[in-house]
Amino acid sequence: MGYFPTDTYLNQLTGFYELLVRNEDIADTRTGADTWTIRNHVAHLIDSASNNHQRFVRLQLAQNVVLPGYEAEPWVDASGIRLMKFDQLILLWKLYNEYLIELIGNIKEDCVAHTWQPQDGGSPLTLKFLVPDYYSHMKIHEQMIAEIAAAAV
């Protein structure tokens, strides 16, 4: 077994994916003036996966890495996800995250203290912090999507 609880992450991913599938028919519903749709949340989570993918790999290859962060709104706007079928979008998200779970399962313990330094000068963050934080972030969006689904009923 690896350093991180990949079985827990896989269970979280599976439950979240099931929530997304159940709510495909309301993927583009807005429940408030300033809220994202479910589609927007999924697009953001794909952006998060791609950015964290870089961090998870690069922090295994070097002790200290400087990389930019990303701004959620511009990334979602630039992605063009409005044109993509929702079932394909959530499948992309699911498969990308299954890949990340495999990657995370192979992280060696001697790498977990390696640090990412945000290019904007923020505080350095260890791989030991970043991996669980990625799943905490995902859980926040899962809860937001559940709230959208409940409000759309």
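Nothing here was measured: the structure is a model prediction, and the numbers come from that model. (Residues numbered from 1 in each chain as written. Predicted model: local features only at pLDDT ≥ 70, side-chain atom pairs only at ≥ 80, totals over all residues. Heavy atoms only, no water.)

Chemist: Please give an account of the overall build of the chain that cites residues and values.
Modeler: Secondary structure assignment for the chain yields five helices and three strands. Along the chain direction, N to C, the helices and strands of the chain fall in the order α-α-β-α-α-β-β-α. In terms of overall size, the chain behaves like a compact globule, its C-alpha atoms giving a radius of gyration of 16 Å where 153 residues would be expected to give roughly 15 Å. Overall size of the chain, expressed as C-alpha extent along the three principal axes, is 50 × 35 × 25 Å. With 153 residues in all, the chain has 42% of them scored as buried. Residue pairs in contact within the chain that sit at least 24 positions apart in sequence constitute 78% of those at least 6 positions apart. Treating the 11 positive side-chain charges of the chain as one cloud and the 19 negative ones as another, the clouds have centres 3 Å apart. (Helix = DSSP H or I, 4+ residues; strand = E, 2+ residues; numbered from the N terminus. Rg over C-alpha atoms; globule rule 2.2 N^0.38 Å. Buried < 20%, exposed > 50% of the residue type's maximum accessible area, 1.4 Å probe, protein only. Contact = heavy atoms within 4.5 Å. Lys, Arg positive; Asp, Glu negative; His and termini not counted. Charge placed at Lys NZ, Arg CZ, Asp CG, Glu CD.)

Chemist: Quick one: what's the story with helix α4 (residues 86–105), residue by residue and with numbers?
Modeler: The α-helix advances 3.6 residues per turn, and as a result positions three or four apart in sequence lie on the same side. End to end, α4 covers 29 Å across 20 residues, agreeing with the expected 28 Å (1.5 Å per residue, within 8%). Residues of α4 that are buried include every one of Phe-86, Leu-89, Ile-90, Trp-93, Tyr-96, Asn-97, Leu-100, Ile-101, Leu-103 and Ile-104, and no others. Take α4 and look down its axis: the buried residues cluster within an arc of 160°, on one side only. Looking at the buried residues of α4, the elements they touch are α1 (6–22), α2 (38–61) and α5 (127–152). (Expected span 1.5 Å × (residues − 1). Arc of directions from axis to C-beta.)

Chemist: Can you tell me about the packing of aromatic side chains, naming the residues and giving the values?
Modeler: What the rule picks out here adds up to six aromatic pairs. A ring pair is formed by Tyr-9 and Tyr-135, whose centres lie 3.7 Å apart and whose planes are at 5°; its orientation type is stacked. Placement of Tyr-9 in helix α1 and of Tyr-135 in helix α5 is noted, with a sequence separation of 126 residues between them. Like Tyr-9, the residue Tyr-135 is buried in the burial classification. Their ring planes at 90° and their centres at 5.0 Å tell us that Tyr-134 and Tyr-135 sit as a pair that is edge-to-face. (Phe/Tyr/Trp six-rings, centres within 6.5 Å; stacked < 30°, edge-to-face > 60°.)

Chemist: Tell me about the sheet that holds strand β1 (residues 64–67), residues and numbers included.
Modeler: The sheet built from three strands is open, its strands ordered β1-β2-β3 with mixed pairing. With one partner strand each, in any of the chains shown, β1 and β3 (125–126) form the two edges of the open sheet. In the sheet, β1 pairs with strand β2 (residues 115–118) via four bridges, with the strands oriented parallel. Of the residues in β2, the one forming a bridge with Leu-67 is Pro-118. (Pairing = 2+ DSSP bridges.)

Chemist: How would you explain α2 if you had to name every residue and give the values?
Modeler: Under the 1.5 Å per step criterion, the end-to-end length of α2 is 35 Å for 24 residues, consistent within 8% with the ideal 34 Å. Among the 24 residues that make up α2, 18 are buried, leaving the element largely enclosed by the rest of the structure.

Chemist: Give me the nonpolar core: which residues, what numbers.
Modeler: Counting 44 residues, the largest nonpolar core has Val-42, Phe-56, Trp-93, Ile-107 and Val-131 as the members making the most contacts within it. When contributions to this core are tallied by element, the ones reaching two or more residues are α1, α2, β1, α4 and α5. (Core = buried A, V, L, I, M, F, W, Y, C linked by side-chain atoms within 4.5 Å.)

Chemist: Which residues make up the pairing of β2, and what values do they have?
Modeler: Pairing geometry for β2 and β3, over two bridges, is antiparallel. Considered in β3, the bridge of Trp-116 is made with Leu-125. Counting the residues in the hairpin turn of β2 and β3 gives six residues, including Gly-121, whose phi is positive at 90°.

Chemist: Lay out the packing of α2 against α5 in plain terms, naming residues and giving numbers.
Modeler: Put simply, α2 and α5 touch, their axes get as near as 11 Å, and they point 175° apart. Here α5 runs roughly antiparallel to α2, going by the angle between their axes. Contacts between α2 and α5 involve Ile-38, His-41, His-44, Leu-45, Ser-48, Ala-49, Asn-52, Arg-55, Phe-56, Leu-59 and Gln-60 on the former and, on the latter, Leu-127, Leu-130, Val-131, Tyr-134, His-137, Met-138, His-141, Met-144, Ile-145 and Ile-148. A per-class count over the contact of α2 with α5 returns 13 nonpolar, seven polar and one charged. (Axes fitted to C-alpha atoms, helices over the stretch in contact; angles between N-to-C directions. Parallel < 35°, antiparallel > 145°, perpendicular 65-115°, else oblique. Nonpolar A, V, L, I, M, F, W, Y, C, P; charged D, E, K, R; others polar.)

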